[in-house]
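# Chains, contacts and geometry: an overview
The primary structure of each chain is shown beneath.
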Amino acid sequence: MDDIAFEHHLTSPQGHRRIPAGAFTATVDGGACCDQIALSLSVEGNRVTEAGFDAHGCGAATAAGSAAVTLVRGGSVLDAARIGASQIAAELGGLSPVKLHAAEVAADALARSLGAAVRATANVPPPSAPGARTLVAMSGGVDSAVAALLSTREGETVAATLELWSDRENDAERSCCSASAVAQARSLAHSMGLPHFTIDLRDEFRAGVVEPFIVSFAAGETPNPCVGCNGHVRLDAMLDVADRLGAGHLATGHYARIAESGDPAGPLLRVAADAAKDQTYMLAALSPGSLERMSFPLAELTKPEVRQIAAAAGLPVASKADSQDLCFLAGTDRARFLSRHGGLGDAAGAIVDGEGNVVGRHEGQHRFTVGQRRGIGIAAGEPLYVIHKDAARNEVVVGPRSALRTTRVAISNARLSRAGARVDRVKLRYRSRPLECRLAGDPQPGRHTALEIELAQAVDGAAPGQLACLMDGELVVGWGTITRADDGRRYRELKPALRTSISA
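Predicted, not measured: the structure shown is a model, and the values here were computed from it.

Basis of the calculations
Residues numbered from 1 in each chain as written. Predicted model: local features only at pLDDT ≥ 70, side-chain atom pairs only at ≥ 80, totals over all residues. Heavy atoms only, no water. Helix = DSSP H or I, 4+ residues; strand = E, 2+ residues; numbered from the N terminus. Buried < 20%, exposed > 50% of the residue type's maximum accessible area, 1.4 Å probe, protein only. Contact = heavy atoms within 4.5 Å. Areas by Shrake-Rupley, 256 points an atom, 1.4 Å probe, with all protein chains shown as cover. Pairing = 2+ DSSP bridges. 1 Å grid on protein atoms, 1.4 Å probe; cavity = no way out; pocket = protein on both sides within 12 Å on 5 of 7 lines; lining within 4 Å. Points joined across faces, edges and corners; volume = space filled by probe spheres on them. Nonpolar A, V, L, I, M, F, W, Y, C, P; charged D, E, K, R; others polar. Axes fitted to C-alpha atoms, helices over the stretch in contact; angles between N-to-C directions. Parallel < 35°, antiparallel > 145°, perpendicular 65-115°, else oblique. Disulfide = S-S within 2.5 Å. Expected span 1.5 Å × (residues − 1). Bend = angle between axes of the 7 residues up to and from the residue.

## A look at the overall build of the protein chain
When helices and strands are tallied, the protein chain shows 14 helices and 20 strands. Taken across its 504 residues, the protein chain has 52% of its residues classed as buried. Nonlocal contacts in the protein chain, meaning residues at least 24 apart in sequence, comprise 67% of its contacts between residues at least 6 apart. Of the roughly 21200 Å² of accessible surface on the protein chain, 48% is carried by carbon and sulfur atoms.

## As for the pairing of strand S13 (residues 385–390)
Of all 6 residues that make up S13, 6 are buried, and the element is covered over most of its length. Between the antiparallel neighbours S13 and strand S14 (residues 395–399) lie 4 residues, among them Asn394 with a positive phi of about 50°.

## Let's talk about empty space enclosed by the protein
Under the defined criterion, the tally for this structure stands at 1 cavity of 30 Å³ or more. Lining the largest cavity we find Ala80, Ala81, Ile83, Ala111, Leu114, Arg186, His190 and His196. Of all the secondary structure elements, the ones that give two or more residues to the lining of the largest cavity are helix H5 (100–121) and helix H7 (179–191). Classifying every residue of the lining of the largest cavity by side-chain character gives 5 nonpolar, 2 polar and 1 charged.

## Notes on the packing of helix H1 (residues 3–11) against helix H2 (residues 59–72)
In the contact formed by H1 and H2, the axes pass within 8 Å of each other and the chain directions differ by 90°. Classified by the interaxial angle, the pair formed by H1 and H2 is roughly perpendicular. Along the contact surface, H1 presents Phe6, His9 and Leu10, while H2 presents Gly59, Ala60, Thr62, Ala63, Ser66, Ala67 and Thr70. Partitioning the contact of H1 with H2 into residue classes produces 5 nonpolar, 5 polar and no charged.

## What to know about the pairing of strand S3 (residues 47–56)
Successive side chains on a regular strand alternate, one facing one side of the sheet and the next facing the other. For strand S2 (residues 35–44) and S3, the ladder comprises 9 bridges, and the chain directions are antiparallel. Bridge pairing in S3 links Leu39 to Phe53.

## Examining the state of the cysteines
Taken as a whole and judged by the stated rule, the model has 0 disulfides. Free of any disulfide, Cys226 has its nearest cysteine sulfur in Cys327, 6.7 Å distant. This cysteine, Cys469, is not joined by any disulfide, and Cys437 carries the nearest cysteine sulfur, 10 Å off. Relative accessible area serves as the criterion here: at 0%, Cys469 is assigned to the buried category.

## Quick word on helix H9 (residues 225–244)
Taking 1.5 Å per residue, 20 residues should reach 28 Å; H9 reaches 27 Å between its end C-alpha atoms and fits that length. Of all the bends in H9, the largest measures some 40° and sits at Gly231. Within the span of H9, buried status applies to Pro225, Val227, Cys229, Asn230, Gly231, Val233, Leu235, Ala237, Met238, Leu239, Val241 and Ala242. A positive backbone phi angle near 70° is found at Gly246, which sits one or two residues after H9.

## A closer look at unusual backbone geometry
One can expect most non-glycine residues to show negative phi and most peptide bonds to be in trans. With a phi angle near 55°, Glu260 is a residue other than glycine that sits in the positive phi range. Structurally, Glu260 is set in the loop between strand S8 (257–259) and strand S9 (268–270). Positive phi outside glycine occurs at Asn394, with the angle close to 50°. Within the secondary structure layout, Asn394 lies in the loop between S13 and S14.

Nothing here speaks to function; it is geometry throughout.
Here is the structure:
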């Protein structure tokens, strides 16, 4: 450890208690000494024009804040994104293990303030070759890490991670969007020599994903929030960041392919080579315009092959387990989440049969899903399934499996990227197999308030709120939200009021 370097930053801290004009400030708490560092950055075009900080806690926090300011002030945005705890510690002449925490807090504050500034004001010029810079969405898992690795072999690569959710009850290690996951992704990107940007999207995520999730359960639906997150929130934000960073493409670690790139209407999603890992259902709401700027480096790979590539490259996430939960439910359960964040607590109601006879009681219709069999709590001569939910009456209708069967599925808010005549199959759930079908009326490309799917064979239920992924063979040509034809008006009337009450 170089005591002279450390003493310089401690006694003559650079930018101490200074907030530059137009700066973006991020404050981070943590460390053994209850450190707090607030770091402020101003970004114009491709440069960090000015920086300042404030710090509380031990002297190492002040020194680390000063070191971070020294390293980024006047430098390029991409160079600033390469600075982590190790670079800050090196600027201080090296830090002992008991003081390294201060560099980690300063690095986190730097990453957050830089991300906010870049998102708002940066304008990094692209490389001379069109599309030569790629932004990779990194989650900290093996798939996105290998996507980043493969991108580096094709050209200049920059990484970014979104922080989407923060909740004291979440298990940060199991969530792909927590502050802990962001820090792990940043460390991984830096170990690969990549600039990394931390983007705080928590407000947008709550408004665009979590609130609709709560509203849909309150309205008697079973939503799939990942579809909206990918289609309208997360990847749109990433594309905006790519614009700011002069990146022509956005690469992700999803298992999907792109087809019909030369079509004037834009490209389509195609099922991944590894059908067991295919994620086109979760990406179905992406517009052709977004797909034109995206790439999926894992498109032709299987999961074992991805892990082999990671292991061969020495990536520490080669054997990391895949996340299984919704990111904002990791470490908690749906009922508790809906109660804490949406006010959907216990609400006693009736379980009725198809004739309206009360056969049991429940603690809230939002605890059930259409097609559910287990957990109904009623003894009967044959297995009972949830057939329907009436949110206005807080009523759950149960019946035999045969009552679920239908050959017609109504969808609302539909989007078609190609003519409806091309639709020959549909996926009604993420892990379900595609079913042969056709769209009634052969609708034209564009938006449709309501459409009806005619199935070649009866299916045992379609849960309102789930996405219907409309396909032409292996290609995704459209999507819509499953609804009950007789309940569409009731849901449309109920959901705006619920959304208002939850947002308040």
